[in-house]
Amino acid sequence: MADNIGSGTSTAVASYLYLDGNRFRLRVNFISVETLRRVKDVEFMGGNPALDFADTIGGFLVDEPAVEDELLREYEDLVEFGLKTGTLSERSAWRLRRAARERPEEAERVLEDARAKRALIDAAFRPLSEGAEPPAPVLAELRDFGAEALTHCELAPSGDGFGCAWEHCEDLEAPLWPIAHAALELLTDGPLDRIKTCGRCRWLFIDTTKNHSRRWCSTEGCGTDEKKERYVARRRARRARSSSA
Ligand SMILES: [Zn+2]
């Protein structure tokens, strides 16, 4: 069973499994085993590719991210993210995978850069989720990131007009361009007043509920965990009260 730890796969003996927004927890014969999740296993809930990208690191907001909170562990994770969020086509993914196999050192550098860009997106949108403005240097860096994406894009027919596409881009950084573009569009067009941080974990999302009432990245994950913990705390308080009476 220990072989399954970190493999990201579930086992036939798992009696139940649930998502808490950041990781799988398997309960196997009363032993709880956490496995490292992969991008392809994750249901992103940011509502925008830029926020989904910021959410490729999880864990509780108050804690330093742990190893298992990191979803960008290899270049392939960037490709998977693109496929998952529809920002990369299958053809581009195939080309990028081949290029990454041919140029592994460059792929590793791009992965490092991707993590830095993720931190940049977080630094821009997390203050907005708290009603504050992002710091000026962060905005300047985000503008440069967006400008770089535009430099690499081709204008291709999209809907009634034209849109930015990176379909023929051979660059290993190609998975980052649509993310940069989405971040810039979100920043300029909003809805900025709908950007929120989960009440429990690090994840950012756009609240699309009518009355701006969404508190959790997901009701099944963090929302349920929070309810469970409140229930346990209430029971504990009740028991303490009855034993001291
Ligand atoms: Zn959450």
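What counts as what
- Residues numbered from 1 in each chain as written.
- Predicted model: local features only at pLDDT ≥ 70, side-chain atom pairs only at ≥ 80, totals over all residues.
- Helix = DSSP H or I, 4+ residues; strand = E, 2+ residues; numbered from the N terminus.
- Buried ≥ 20, exposed ≤ 12 C-beta atoms within 10 Å, placed from the backbone.
- Contact = placed C-beta atoms within 7 Å.
- Core = buried A, V, L, I, M, F, W, Y, C linked by C-beta atoms within 7 Å.
- Axes fitted to C-alpha atoms, helices over the stretch in contact; angles between N-to-C directions.
- Parallel < 35°, antiparallel > 145°, perpendicular 65-115°, else oblique.
- Left-handed = near helix turned anticlockwise from the far one by under 90°.
- Nonpolar A, V, L, I, M, F, W, Y, C, P; charged D, E, K, R; others polar.
- Pairing = 2+ DSSP bridges.
- Expected span 1.5 Å × (residues − 1).
- pLDDT = per-residue confidence, 0-100.

Observations concerning the overall build of the protein
Right, so step 1: Each helix and strand in the protein was counted, giving 7 helices and 7 strands.
Right, so step 2: Moving toward the C terminus, one meets the helices and strands of the protein in the order β-β-β-α-α-α-α-α-β-β-α-β-β-α.
Right, so step 3: Looking at the protein as a whole, 33% of its 245 residues are labelled buried.
Right, so step 4: Taking contacts inside the protein between residues at least 6 apart in sequence as the whole, the part at least 24 apart equals 61%.

Looking at the environment of Ser129
Right, so step 1: The topology assignment puts Ser129 in helix α4 (residues 104-129).
Right, so step 2: Separated by 64 residues in the primary sequence, Ser129 and Asp193 have C-alpha atoms spaced 7.4 Å apart.
Right, so step 3: If we ignore the near neighbours within four places in the chain, the residues touching Ser129 are Ile195, Lys196, Thr197 and Leu204.

Topic: unusual backbone geometry
Right, so step 1: In this structure, the amide linkage connecting Gly190 to the following residue, Pro191, adopts the cis form with an omega of 10 degrees.
Right, so step 2: Note that Pro191 resides in the loop between α6 (176-189) and β6 (195-197).
Right, so step 3: Its identity is not glycine, yet His212 carries a phi of approximately 55 degrees, on the positive side.
Right, so step 4: Within the fold, His212 resides in the loop between β7 (204-206) and α7 (219-244).
Right, so step 5: Looking at His212, the number of C-beta atoms within 10 Å reads 10, which means it is exposed.

A few points about the nonpolar core
Right, so step 1: By size, the foremost hydrophobic cluster in this structure holds 47 residues, and its most contacted members are Ala50, Phe125, Ala183 and Cys217.
Right, so step 2: Of all the elements in the fold, those that place two or more residues in this core are α1 (49-54), α2 (75-85), α3 (90-102), α4, α5 (136-152), α6 and β7.
Right, so step 3: For this core, the leading source of residues is α6, giving 8 residues.

A few points about the packing of α5 against α6
Right, so step 1: Where α5 meets α6, the closest approach of the two axes is 8 Å, and the angle between their N-to-C directions is 125 degrees. When the axes of α5 and α6 are compared, the pair comes out oblique. Note that α5 runs across α6; the crossing there is left-handed. Residues Leu142, Phe145, Gly146, Glu148, Ala149 and His152 of α5 touch α6, and the partners they reach there are Trp177, Ala180, His181, Ala183, Leu184 and Leu187.
Right, so step 2: Along the lines of polarity and charge, the residues of the contact of α5 with α6 split into 8 nonpolar, 3 polar and 1 charged.

Focus: the packing of α4 against α5
Right, so step 1: Relative orientation of the contacting elements α4 and α5 amounts to 130 degrees, with a least axis distance of 10 Å. Viewed along their axes, α4 and α5 adopt a mutual orientation that is oblique. Of the two elements, α4 crosses α5, and the hand of that crossing is left-handed. Packed against α4, whose contacting residues are Lys117, Leu120, Ala123 and Ala124, the element α5 presents Val138, Leu139, Glu141, Leu142 and Phe145 at the interface.

Notes on the pairing of strand β5 (residues 161-165)
Right, so step 1: Little of β5 sits inside the fold, with 0 of its 5 residues counted as buried.
Right, so step 2: Note: strand β4 (residues 154-158) against β5, 5 bridges, orientation antiparallel. What sits directly across from Glu154, in β5, is Ala165.
Right, so step 3: Between β4 and β5, which pair antiparallel and follow one another directly, the connecting turn spans 2 residues, one of which, Gly159, has a positive phi of 60 degrees.

Focus: the environment of Ala182
Right, so step 1: Mapped onto the fold, Ala182 is located in helix α6.
Right, so step 2: A count of 23 C-beta atoms within 10 Å places Ala182 in the buried class.
Right, so step 3: Placed 133 residues apart in sequence, Ala182 and Pro49 show a C-alpha to C-alpha distance of 6.3 Å.
Right, so step 4: Ala182 has contacts with Asn48, Pro49 and Ala50, leaving out every residue within four places of it along the chain.

Focus: α5
Right, so step 1: For α5, built from 17 residues, the straight-helix expectation of 24 Å at 1.5 Å per residue is met to within 8% by its first-to-last C-alpha distance of 25 Å.
Right, so step 2: Buried residues along α5 sit against α4 and α6.

Thoughts on the confidence of the model for the protein
Right, so step 1: Looking at the protein as a whole, the pLDDT averages 86, with 86% of positions reaching at least 70.
Right, so step 2: The model gives residues 1-18 a pLDDT under 50, and that stretch makes 31 contacts with residues more than four places away or in other chains.

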